[in-house]
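One-letter residues, chain by chain:
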Amino acid sequence: MEIVPRKLNPRGERHQFSSSDDNAMLKQIQATHSPDGREFAVKPLLHVVEDVFQRASMPSGFAHIVQHQGAHQEPQIDGLDEKNLQNGFYEMLEYLSYTINKISCELSCKCSGGGDAHSTTLSIFNVLSSYSWDAKIVLALSAFAVNYGEFLLVAQLYLTNPLAKSVALLKQLPDILERSDALKPKFEALNSLMKASLDVAKCIVEFKELPSQYISHDVPEMLIATAHIPTATYWTIRSIVACASQIIGLIGMGHEYIASTTEAWELSSLAHKVQSIHEHLMKQLTQCYHIIDEKRHIEAYQTLIRLFETSHVDNMKILRALIYAKDDQLPLYDGHTKRRVNLDVLRRKNVLLYISDLDLPHEELSMLEQMYTEARQHPARTESQYEVVWLPVVDRSSAWNDVKQSQFDALQSLMPWYSVYHPSLLDPAVIRYIKEVWKFNKKPLLVVLDHQKVVNQNAIHMMWIWGSAAFPFTSFREEALWKEESWRIDLLADAIDPNIPLWIQQGKHICLYGGEDIDWIRKFTVTADAVARAAGIQLEMLYVGKSNPRETVRKNNIIIQNENLSHVLQDLTLIWFFWVRLESMWHSKVQQNRTVENDPIMQEIVTMLSFDGSDQGWAVISKGSGGGPEGQLAKAKGGDILNSFEDFQSWRQIAEEIGFVPALQEYLHGHHNPHHCNRLILPGTTGSIPDKVVCAECNRPMEKFIMYRCCTD
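Residues numbered from 1 in each chain as written. Predicted model: local features only at pLDDT ≥ 70, side-chain atom pairs only at ≥ 80, totals over all residues. Heavy atoms only, no water.

With that out of the way, let us pick up the overall build of the protein. The secondary structure content of the protein amounts to 27 helices and 12 strands. Residue burial in the protein is summarised as follows: out of 713 residues, 50% are buried. Pairs at least 24 apart in sequence give 75% of the contacts found in the protein among residues at least 6 apart. Accessible surface, the protein as shown: approximately 34,700 Å² in total, 52% of it carbon and sulfur. (Helix = DSSP H or I, 4+ residues; strand = E, 2+ residues; numbered from the N terminus. Buried < 20%, exposed > 50% of the residue type's maximum accessible area, 1.4 Å probe, protein only. Contact = heavy atoms within 4.5 Å. Areas by Shrake-Rupley, 256 points an atom, 1.4 Å probe, with all protein chains shown as cover.)

And the structure:
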């Protein structure tokens, strides 16, 4: 008797696709649905099914099986470790084995007899009537995996195992292997349909596992998905029936069998339908996850707020809330040892959280590294007893790519302190807290934690002004430091040039000057040198350029050196540091509610910043340090200071009587031009800008404008 392989009914299947009468079908399967409330963990079972499909796949026909029949693989199942197997998995299988075997028999018997696919599908639903939708689909897939796995196992072993060879002969598998190329389209269509069915099953299981505390079943997204899950389950089990029919139909094929392209097309059409169902479910699942993420985000954000409003025994609770610290992660990277470490290295230590994005200015990183290194060279000093941790704030709206990874790696490699191992270890709620509560807006922050709580939401200004001497970086320490300060060359210039302390000690006059106009620089330095000789004073001049120094300042440095006009700062980072310290002084004073009207140092700071905001040159001259007339600073814009030097003979005698700097101050005060236009330029990302700023010269309110600047020459 000739064995004719069973084929899908072309007309019947096409009729199902064209009419899409899912409503009638839905009523039929809903009538079989009578769950008894019993639940079991479907995911471990689904992992086993997926493992069977992956190991028994036929991407290139049975020729693939023959080529790899000798390969040995360890029986390890992804997502199902030994711990899971011990936690009742075998007991669950024992409970479900009857149902799985019964469906397996349904597939073997009814598919081999050429029965109607829809009727076979309904009979399987009847067997599964007491189970939930996710359990129905996983149990049906498990039953098919048994039949499919046994079939492919014989095909894989028949060349090496005598028992498998005898079984293969009875199933006529050698004949099938000889025609594997002709059957390749069918094999590929089968693989595609099985994958689509597995994808739908995974999706439905995910819906079942959504956390009910974050999403309820009555939200629109869940209602839409719930309404489609029965139909999705039907078409997935219907696909299993189709696959089983094709596998069983391969048995007993005669030599005269010609592979039908219609069968491959029908399988592909069914796969397309199931794939469309999967896409729709995934869309709903994505929307559900979005709702869950939003609620989790709000919950995590509120937790952070409560956490930072509470005092703690130590700082670990805060640090664990900020930085991902699960048991399977070492969330920190030690820049000194170049190894990953646990958060415990920060326990009960003062921690400075250095917060920035990936566009971190090289100058800032360089200066902070220098200060950090200097503090570590004196371990016995109190101010060195802190740790720095870099928290990189990355825009999550764009995908993480190789360019960003390289940028991150380059920055991390330059940091000698701790850093978060990867930006993804900062939760979105943490990023929100950093932006909304700590007011991070591109400009780096330095948030200070003591042993128990946050003591300063931004100590970056203190760090730039006083370095590690500002430890422990509290507002009380900041106020105390300002009480010790006066407007003198030491405060203004700090340690930008190692010669300055020596010049002060030698009693020399010191002139700091800036601007970008090289013609004015030439004229001013030559004139100042001539006046110094005429006055019999030793004058050292240092060019400090302009904030955000770029190509023009670099060229000016070269010209000044070549023409021996004055000293320069070879490293443009030091010029940047000079101006960022002035800006930091301004912000520090603003935080303490100091203004030009009530604080003399604030008045001097604003004057210096307005010098930088103008297009002219400027100069500051001092002798010595501390109190006394000579220790004060005489300052003026480029035109005024140049005029005073050119008119030196008119105040030379006064200079001989009261000193050069007091006489210069007196002259400048007497020749002040009431008509002036001062500009105060401050970065718009450095925090809150006061509504009112008065002019340092006339005490009148300055107008506020918005300026956009590109820092290139």
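This paragraph deals with the pattern of salt bridges. For side chains bearing opposite charge, pairing can occur when the charged atoms are close. One pass over the full model with this rule turns up 28 salt bridges. The salt bridge partner of Glu50 is Lys202, with a shortest N-O separation of 2.6 Å. Of the two residues, Glu50 sits in helix α3 (residues 42–55) while Lys202 sits in helix α10 (residues 180–208), which places them 152 residues apart along the sequence. Exposure remark for Lys202: the relative accessible area of 29% places this residue in the partly exposed category. Two residues, Asp314 and Arg347, come together in a salt bridge whose shortest N-O distance is 3.0 Å. Here Asp314, found in the loop between α12 (261–308) and α13 (316–322), pairs with Arg347, found in the loop between β2 (339–341) and β3 (350–356); they are 33 residues apart in sequence, far enough to count as distant. By relative accessible area, which is 35% here, Arg347 ends up partly exposed. Look at the salt bridges and you will find they share partners, linking Asp314, Arg320, Asp344 and Arg347 into a network. (Salt bridge = Lys/Arg side-chain N within 4 Å of Asp/Glu carboxyl O.)

Attention now goes to the sheet that holds strand β4 (residues 386–392). Reading across the sheet, the 7 strands line up as β2-β1-β5-β4-β3-β6-β7 and stay open at both edges, with mixed pairing between neighbours. Only two strands of the sheet have a single partner each, and these edge strands are β2 and β7 (454–456). Averaged over neighbouring strand pairs, the angle between their axes works out to 35° when direction is ignored. By the bridge criterion, 7 bridges tie β3 to β4 in an arrangement that is parallel. (Pairing = 2+ DSSP bridges. Axes fitted to C-alpha atoms, helices over the stretch in contact; angles between N-to-C directions.)

It is worth spelling out the packing of helix α2 (residues 22–32) against helix α11 (residues 220–250) at this point. Put simply, α2 and α11 touch, their axes get as near as 10 Å, and they point 90° apart. By the criterion of interaxial angle, the relationship of α2 to α11 is roughly perpendicular. Of α11, the residues touching α2 (which contributes Asp22, Met25, Leu26, Ile29 and Gln30) are Pro230, Thr231, Tyr234 and Trp235. When grouped by side-chain class, the residues that make up the contact of α2 with α11 number 6 nonpolar, 2 polar and 1 charged. (Parallel < 35°, antiparallel > 145°, perpendicular 65-115°, else oblique. Nonpolar A, V, L, I, M, F, W, Y, C, P; charged D, E, K, R; others polar.)

Take the sheet that holds strand β10 (residues 567–568) next. What the 5 strands build is an open sheet, ordered β10-β9-β8-β11-β12; its pairing is mixed. Looking at the sheet topology across the chains shown, the edges are occupied by β10 and β12 (634–637). Sheet topology places strand β11 (residues 618–623) next to β12; 4 bridges connect them, and they run antiparallel. Residue Ile621 lies in a different strand from β12, and its bridge partner there is Ala634. Packing of helix α25 (residues 638–646) onto the sheet brings it into contact with β11 and β12, and relative to β12 it is tilted by some 115°.

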